[in-house]
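# Remarks on the overall topology
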Amino acid sequence: MTATAPRLGTALVRLLLVTAALLGTLLAGAAPASAHAALTGSNPQDGAVVATAPKDVTLTFSEQVAMSADSIRVLDPSSKRIDTGEIRDLCSGSIVKYGVGLRSGLPEGTYTVAWHTVSADSHPIAGAFTFSIGAPSTTTVALPDQTAGGGPVGVLYGIARYLSYAGFTLLVGGGAFVLACWPRGAAVRPVQRLVVRGWLTLTAATLAMLLLRSPYTGSGELADVFDLGGLKAVLETKTGAALISRLMLLGAAALFVAVLFGAYTKRTDEKEKKDLTFGLAIGGSVVAAGIAGTWALAEHASTGLQPAVAMPVDILHLLAVATWLGGLTTLLVALYRAPRIERAAVERFSRLAFGSVIVLTATGIYQSWRQVGSWSALTGTAYGQLLLVKIGLVAVLVGIAWISRRWTQRLGDPTPHDPADDTADATAEPDSDETGDGAGDEAGDEDEAGERGAPAPARAKPALGTGTGDADGNGDTDGADGADGDTGAGAGDTETVPGAEPTEAPDEPSTTVDPERAAQLARQRTAVATATRKRDRDADPERAGLRRSVLTEAAIAVVLLAVTTVLTSTEPGRTEEEAGRAQSTSGSAAVPDRPVDIRLPFDTGGVDGNGTVRLSLDPGRTGANDLHIFVERPNGRLLDVPEIKVAFTLKEKNVGPLPVLPDRIQTGHWSATGVQIPMAGEWLIQVTVRTSDIDQTTIDKTVKIG
């Protein structure tokens, strides 16, 4: 029983299912990922209660951001805008700070600060917080539930990003495979279609991203896709310039593709073809590096640590990925759709892929250090966890590539090149299961016979006379009809053979064949030869094994490309940790409402001098809080004491002690309202209990507030 490789239809279905699952899981089902920049501080702080109205509101970010006229909005309790609408750039050195002025004469109440902007790596970010003047109040401000860059527009933009990476991979990898590994593949129609579709995919995805960019970073409404004002604003940004540059470079890439699959395939002179190969390699490399640079210019590499080094490294990383995975896809198409591919071509790609993996590893190590920065960020942040998944997929891909290399070494020696294969490759019709691989060597020979107007006849019976035609029909017989198998008349005289019925010679020998019939016979012979070659090719166990391993590599490559797409839109681990430390230090971000409840035993040494103080601080965050103190005897009953005093101290910021004098509500119960906690941190709470005129003690405990 002969081994057969899986059919291409099944393979394509598998790849499409994997792609659909990845897009659904990674792009649509998950929440939008964080971006590079993060809010690290504000003034007033989140939840703060200030005695007088501030003159402005300022925001501090971890990285450079792009601000518009309405990037910072301040709303009063009735949801009316009370800022001046003029954004002020307060950046100084490495500090990224922007502010907006407030109108004078603001009344007491709770005010909402809503902000949205675009980080330097092209991702939108947004947020909101509140502060109060005098005392907190109710507010009617309703903020949108949709996260920045989310919703249907975010999903479409994410799909376009994925398709742009996929198109770039096919375009660059396919071209590199043809020039460096398999020059004869430039005449193979399936390979031509693959590279052209890569170009079309990248072009269409870039146009889609350009149109979706305005609603993606702004309103989030799909109807704003064709807003000319928004499109004009996008073109003035760094991301818009990168997308326009990519479209211009794709025009040069179209010329490259046209020459590669046109003039290049027609060159027969070895020297001319070598010179054209060199020119295409140089020109194609420049165009590919330029297209890769449009990603480096607008995303993570362009901001943060060492951008001058990170951008060239990012370009090399993208080119290595495209050469490896795009070449792998082209090899898969060649194994399934081309009549034959030489062992030498597969071996050349194996060496090219090995070099790409080395570049990929070196650049990936640098990028990982730059974007992650610590072992804790590698395991404790979303970026680090995705990076671990990507590393695992690359390791699996390399392992399967090693298996493919073993199959390549077991392939038979390459056969001499037949020029008829070039014609067969160029005219192959891949949409047919039986004839989709084009004609082979036999078909080429028979096509030549058809062009001469004398199709090769079937085996003929011996002539009755002594004619010039031989028994196998390869002699100088005239008028043989190969389809019907009838023997034509010979050129010599005939003589009667004993036992044979005499035949009547025709009045006039037939010397012509119907051209339509000849063409039909030629197509039939081509189909038969093609089916035979395909059966022989698919029955080769080494080739079938190579097909299966390359198909597995391609499926994993689809997963790897999806993970990479999500990774590029995720906040790097280094930035996430730095933003977290900055927020912890400044206290700009308060935790959700969580009352602070502590119990402190005391003993003043006098009569009724021991017991427990139970303290409650609600909501236990920055801003105004309600303080309740209960003094209990050892048996749990309330104890009436002459005086209770409380003080709050934040030692790491040299704040305090901030004294609080609670009021006696009833026996054993003391209370204070509006207790201000100015910032988050580890606060030392000191409680002084006096049980008589001379007996008192101070007890304390450190708790985290905010």
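Turning to the overall build of the chain, a few remarks are in order. Scanning the chain from N- to C-terminus turns up 16 helices and 18 strands. Counting every position in the chain, which comprises 706 residues, the buried fraction comes to 46%. Surface exposure of the chain reaches about 34,600 Å², of which carbon and sulfur atoms provide 57%.

Another aspect to go through is the packing of aromatic side chains. Within the structure shown, the criterion is met by eight aromatic pairs. The interplanar angle of 20° and the centroid separation of 5.8 Å between the aromatic rings of Y111 and F131 together place this pair among those described as stacked. One end of the pair, Y111, is in strand β8 (residues 109-119); the other, F131, is in strand β9 (residues 124-133), and 20 residues separate them in sequence. As far as burial versus exposure is concerned, Y111 and F131 are alike and both buried.

The subject of this paragraph is the environment of Y216. Assignment of secondary structure puts Y216 in helix α3 (residues 189-217). Considering only alpha carbons, one finds Y216 and P152, 64 residues apart in sequence, at a separation of 9.4 Å.

This part covers the sheet that holds strand β14 (residues 655-660). Strand order in this open sheet of four strands is β14-β13-β17-β18, and the pairing throughout is antiparallel. At either end of the open sheet lies a strand with only one pairing partner, and these are β14 and β18 (696-705). Here the average twist between neighbouring strands, direction ignored, is 20°.

For the rest of this paragraph, the subject is the packing of α3 against helix α5 (residues 238-260). One can describe the packing of α3 onto α5 by two numbers: an axis separation of 10 Å at closest approach and a directional angle of 160°. Between α3 and α5, the angle is such that the two are roughly antiparallel. As α3 runs across α5, the sense of the crossing is left-handed. Of the residues in α5, those touching α3 at V195, V196, W199, L202, T203, T206, L207, M209, L210 and R213 are T239, G240, L243, I244, R246, L247, L250, A253, A254 and V257. The residue makeup of the contact of α3 with α5, split by class, is 14 nonpolar, four polar and two charged.

Turning our attention to helix α7 (residues 270-298). Taking 1.5 Å per residue as the helical rise, α7 with its 29 residues ought to reach 42 Å, and the 42 Å between its terminal C-alpha atoms agrees with that figure. The N-cap residue of α7 is D269: its side-chain oxygen and the backbone nitrogen of K271 are 3.1 Å apart.

With that settled, consider the environment of C91. With respect to the element layout, C91 can be found in the loop between β6 (83-89) and β7 (96-102). For the pair C91 and T60, spaced 31 residues apart in sequence, the C-alpha to C-alpha distance is 8.8 Å.

Another point: the pattern of salt bridges. Tallied over the entire structure, the rule returns twelve salt bridges. In this structure, R614 engages E632 in a salt bridge whose closest nitrogen and oxygen atoms are separated by 3.3 Å. A residue pair is termed long-range when its members are at least 10 positions apart, and R614 in strand β11 (residues 610-618) and E632 in strand β12 (residues 623-632) qualify at 18 residues. When its relative accessible area of 31% is taken as the criterion, R614 is described as partly exposed. Note that R690 and E643 form a salt bridge whose closest N and O atoms lie 3.1 Å from each other. Separated by 47 residues along the polypeptide, R690 in strand β17 (residues 681-690) and E643 in strand β13 (residues 643-650) bring together distant segments of the chain. Judged by its relative accessible area of 19%, R690 is buried. Three or more residues are tied together by salt bridges with common partners; here these are R599, R614 and E632.

Ranked by internal contacts, the top residues of the largest apolar core, which has 75 residues, are F168, W182, L260, W324, L331 and I341. L260 has contacts with G175, V178, L179, A186, T265 and L280, leaving out every residue within four places of it along the chain. Of all hydrophobic cores here, the second largest spans 30 residues; its members include V596, W683, V687 and V689.

With that settled, the discussion passes to the confidence of the model for the chain. Averaged over every residue, the pLDDT of the chain is 76; the share at 70 or more is 74%. Ranking the elements of the chain by mean pLDDT puts helix α13 (residues 441-451) last, at 37, and α5 first, at 94. Note that pLDDT drops below 50 for residues 1-35; the model gives that stretch 62 contacts with residues more than four away or on any other chain. Confidence over residues 413-506 falls short of pLDDT 50; this stretch has 105 contacts with residues more than four positions distant or in other chains.

Before going further, it helps to spend a moment on the pairing of β13. Taken across its eight residues, β13 has six buried, putting it largely inside the fold. Here β13 runs beside β17; their pairing, made up of seven bridges, is antiparallel. Bridging from a neighbouring strand, A647 pairs with Q686 of β17. Across four bridges, β13 lies against β14 in antiparallel orientation. By the bridge assignment, A647 is partnered in β14 with P659. Joining the antiparallel neighbours β13 and β14 is a turn of four residues, in which N654 adopts a positive phi near 55°.

Note: β12 against strand β16 (residues 669-677), seven bridges, orientation antiparallel. Paired with N625 across the bridge in β16 is V675. Here strand β15 (residues 663-666) pairs with β16 via three bridges, running antiparallel. From the neighbouring strand, R664 faces β16, where its bridge partner is W670. Between the end of β15 and the start of β16, which pair antiparallel, lie two residues, with G668 showing a positive phi angle near 75°.

With antiparallel pairing, the five strands of this open sheet are ordered in space as β10-β11-β12-β16-β15. Edge positions in the sheet fall to β10 (596-603) and β15, since each of these pairs with one other strand and no more. The sheet shows a mean angle of 25° between the axes of neighbouring strands, taken without regard to direction.

Our focus in this paragraph is unusual backbone geometry. In most cases, non-glycine residues show a negative phi, while peptide bonds are predominantly trans. Cis geometry marks the peptide bond from N43 to P44, where omega comes out at 0°. Relative to the helices and strands, P44 resides in the loop between β1 (39-43) and β2 (49-50). Residue P619 follows D618 across a cis peptide bond; omega there is 10°. Within the element layout of this structure, P619 appears in the loop between β11 and β12.

What follows is about the environment of P190. Mapped onto the elements, P190 comes out in helix α3. Residue class for P190 comes out buried when judged on its relative accessible area of 7%. Each C-alpha atom, one on P190 and one on A338, is 7.2 Å from the other, the two residues being 148 residues apart in sequence.

The rules behind the values
- Residues numbered from 1 in each chain as written.
- Predicted model: local features only at pLDDT ≥ 70, side-chain atom pairs only at ≥ 80, totals over all residues.
- Heavy atoms only, no water.
- Helix = DSSP H or I, 4+ residues; strand = E, 2+ residues; numbered from the N terminus.
- Buried < 20%, exposed > 50% of the residue type's maximum accessible area, 1.4 Å probe, protein only.
- Areas by Shrake-Rupley, 256 points an atom, 1.4 Å probe, with all protein chains shown as cover.
- Phe/Tyr/Trp six-rings, centres within 6.5 Å; stacked < 30°, edge-to-face > 60°.
- Pairing = 2+ DSSP bridges.
- Axes fitted to C-alpha atoms, helices over the stretch in contact; angles between N-to-C directions.
- Parallel < 35°, antiparallel > 145°, perpendicular 65-115°, else oblique.
- Left-handed = near helix turned anticlockwise from the far one by under 90°.
- Contact = heavy atoms within 4.5 Å.
- Nonpolar A, V, L, I, M, F, W, Y, C, P; charged D, E, K, R; others polar.
- Expected span 1.5 Å × (residues − 1).
- Polar contact = N/O pair within 3.5 Å; in protein donor to acceptor, adjacent residues only side chain to side chain.
- Salt bridge = Lys/Arg side-chain N within 4 Å of Asp/Glu carboxyl O.
- Core = buried A, V, L, I, M, F, W, Y, C linked by side-chain atoms within 4.5 Å.
- pLDDT = per-residue confidence, 0-100.

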